[in-house]
Amino acid sequence: MAYLTCKNLALGYEGQAVLSDISFEVNPGDYLCVVGENGSGKTTLMKTILGLHKPLSGTITFGDGLKQSEIGYLPQQTAVQRDFPATVREIVLSGCQALAGRRPFYSKEEKQMAARNLERMNLEEYASRCYRELSGGQQQRVLLARALCATRKMLILDEPVSGLDPKVTAEMYALIRRLNREDGISVMMITHDVSVALREATHVLHAGENVFFGTREDYLCSPLARRFLIQEGGASA
Amino acid sequence: MIDTLARYFQFPFVRYALIVGVLIALCSSLLGVTLVLRRFSFIGDGLSHVAFGAIAIAGVLHLAEARMLFVMPVTVLSAVLLLRTGKNTKIKGDSAVAMISVGAMALGYLIMNVFSTSTNLSGDVCSTLFGSMSILTLTKTEVWLCIGLSIAVLVIFVLFYNKLFAVTFDEDFARAAGMKVDAFNLMIAIVVAVIIVLAMNLVGSLLISALIVFPAMSAMRVYKSFRSVTICAASVSVVCAVAGILVSIVASTPVGSTIVAADIVAFLIFSLIAKIRK
């Protein structure tokens, strides 16, 4: 059974749909890229899956032992966070909130898990540093470590490389690839870069007026992708 | 000077003032950190104006002894309403706060004038706004009420510290992790309302925001972890409150504004330290 199955979803605000007729699933080990133009409702889709918005219609089901609160989420950064007085360790530990539940304090295991995830993201030496003093790429790794504290099964990433320089971007993609291939974590990632989706993903969901969902190979042959790629090629030429 | 202080401390009302002052300064600074970081400090300002209106009505209704029992629920209710309207897209959060707070102020003063029962109206208004004398006229019941509520606030703060951090840093993430963020925000709003009503005794309704904002801003200049910012804000706030109360006794200045003046000095010192470190 799939971790996540969405059927005939319609999303939007105050009754007005921005996206409709979305159906797709995420299975263990999948790497799904969600592509589409800006404003096509990609972030809304993520937030709906996480339970932050209600869908206008359609169903979202979780399976294979995954609960909604067990998804690790890497949101786009807010202005508040860029200037936040907190250490890296404090932020990563806050990812254990779902595990702690009603308990007021974090347990020893949770603290160890936070430490392990710091290590996984190569952040040990920054553990006591202040978040606002880190570079953009380091901040993204901190948020990724926090997301890993919340999940062992599935990550949802919202434009994880926005604002990063090409070198750090490549490192970030490599890191995500490793989490997917080596640790078997399913990944669902929003990106506006179709070429990234074609390089990294196993599956593609194209959101917009025309919706496409399928494997990367199928997407490559679809007219939607071709139009996108030609446009991009034209722009860079 | 020490003789003067020793003489004053023989009076129970001076000791009460010091106890209450320290507790209020402590509570308001703890919540101040999260309010400032979440850009919610305006809620403190709005609520204090509401409390002013409520006190005016309580005065007209001759609720002198039991006025806390009237002012507290009204302010808590407004806190809940403000939080709701903050999310309403039709009336923007900041203008809603402005409308409620200025409206409550104007109506409060109007009511005080029309139904005046006092011979010294402007004195009453002034002490409600700037808190001048009311801290020295606390009854024993009010002191105990203040101690009880402060302890409740402290316990809530310690128990919910980790959740408070999670929500302050990233509300969406906390919500996705299954936290009941709306209920949590409601609790914060209620606690803030309680603190504001308590703080009216100390600094008056116009100066409450200072107790919430200044210690947090001072601590954020220098410290870099959430925990140290919280501890530093609490310490700065308590030290400034004690200093302000002592100075006001010796120099016979108004209590509230002296405490705020001490907070401003602390902020300048911390800003300077931050500059030097860079």
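1. Re the overall build of chain A
The helix and strand inventory of chain A stands at ten helices and nine strands. The principal-axis extent of the C-alpha atoms belonging to chain A is close to 50 × 40 × 35 Å. For chain A, contacts bridging at least 24 residues in sequence account for 69% of all contacts bridging at least 6.

2. Re the environment of A:F105
The topology assignment puts A:F105 in the loop between α4 (97-100) and α5 (108-120). Residues A:F105 and A:R82, 23 residues apart in the sequence, show an inter-C-alpha distance of 26 Å.

3. What to know about the nonpolar core
In terms of nonpolar packing, the biggest core is built from 153 residues, with A:V34, A:V187, B:A51, B:V192, B:I195, B:I196 and B:A199 touching the most fellow members. Both domains that furnish three or more residues to this core are identified here as domain 1 (1-66 + 153-237) and domain 2 (79-151) of chain A. Contact partners of A:V187, with chain neighbours within four places excluded, come to A:Y31, A:L32, A:L155, A:L157, A:I176, A:L179 and A:N180.

4. Overview of the environment of A:A10
Residues and elements named next belong to chain A. Relative to the elements of secondary structure, A10 occurs in strand β1 (residues 4-13). For A10, a count of 15 C-beta atoms within 10 Å translates into the label partly exposed. In this structure the C-alpha to C-alpha distance between A10 and L198, which are 188 residues apart in sequence, comes to 26 Å. With residues near it in sequence (within four places) discarded, A10 still touches A17, L19, S20, D21, P55, L56, S57 and G58.

5. Here we look at the sheet that holds strand β4 (residues 57-62) of chain A
All names here are of chain A. Read from one edge of the open sheet, three strands run β2-β1-β4, paired in antiparallel fashion. Of all strands in the sheet, those bounded by a partner on one side alone are β2 (16-26) and β4. Averaged over neighbouring strand pairs, the angle between their axes works out to 25 degrees when direction is ignored.

6. Let's talk about the packing of helix α2 (residues 12-37) of chain B against helix α10 (residues 181-203) of chain B
Residues and elements named next belong to chain B. Their axes nearest at 10 Å, the elements α2 and α10 cross at an angle of 140 degrees. Relative to α10, α2 is oriented oblique. Taken as a pair, α2 and α10 cross one another with a handedness that is left-handed. Residues V20, G21, I24, C27, S28, L31 and L35 of α2 lie in contact with α10, whose contacting residues are V191, V192, I195, L198, A199, N201 and L202. Grouping the constituent residues of the contact of α2 with α10 by class yields eleven nonpolar, three polar and no charged.

Rules of the game
Residues numbered from 1 in each chain as written. Chains lettered and ligands numbered in written order. Predicted model: local features only at pLDDT ≥ 70, side-chain atom pairs only at ≥ 80, totals over all residues. Helix = DSSP H or I, 4+ residues; strand = E, 2+ residues; numbered from the N terminus. Contact = placed C-beta atoms within 7 Å. Core = buried A, V, L, I, M, F, W, Y, C linked by C-beta atoms within 7 Å. Buried ≥ 20, exposed ≤ 12 C-beta atoms within 10 Å, placed from the backbone. Domains from an automatic or database assignment. Pairing = 2+ DSSP bridges. Axes fitted to C-alpha atoms, helices over the stretch in contact; angles between N-to-C directions. Parallel < 35°, antiparallel > 145°, perpendicular 65-115°, else oblique. Left-handed = near helix turned anticlockwise from the far one by under 90°. Nonpolar A, V, L, I, M, F, W, Y, C, P; charged D, E, K, R; others polar.

What is shown is where atoms sit, not what they do.
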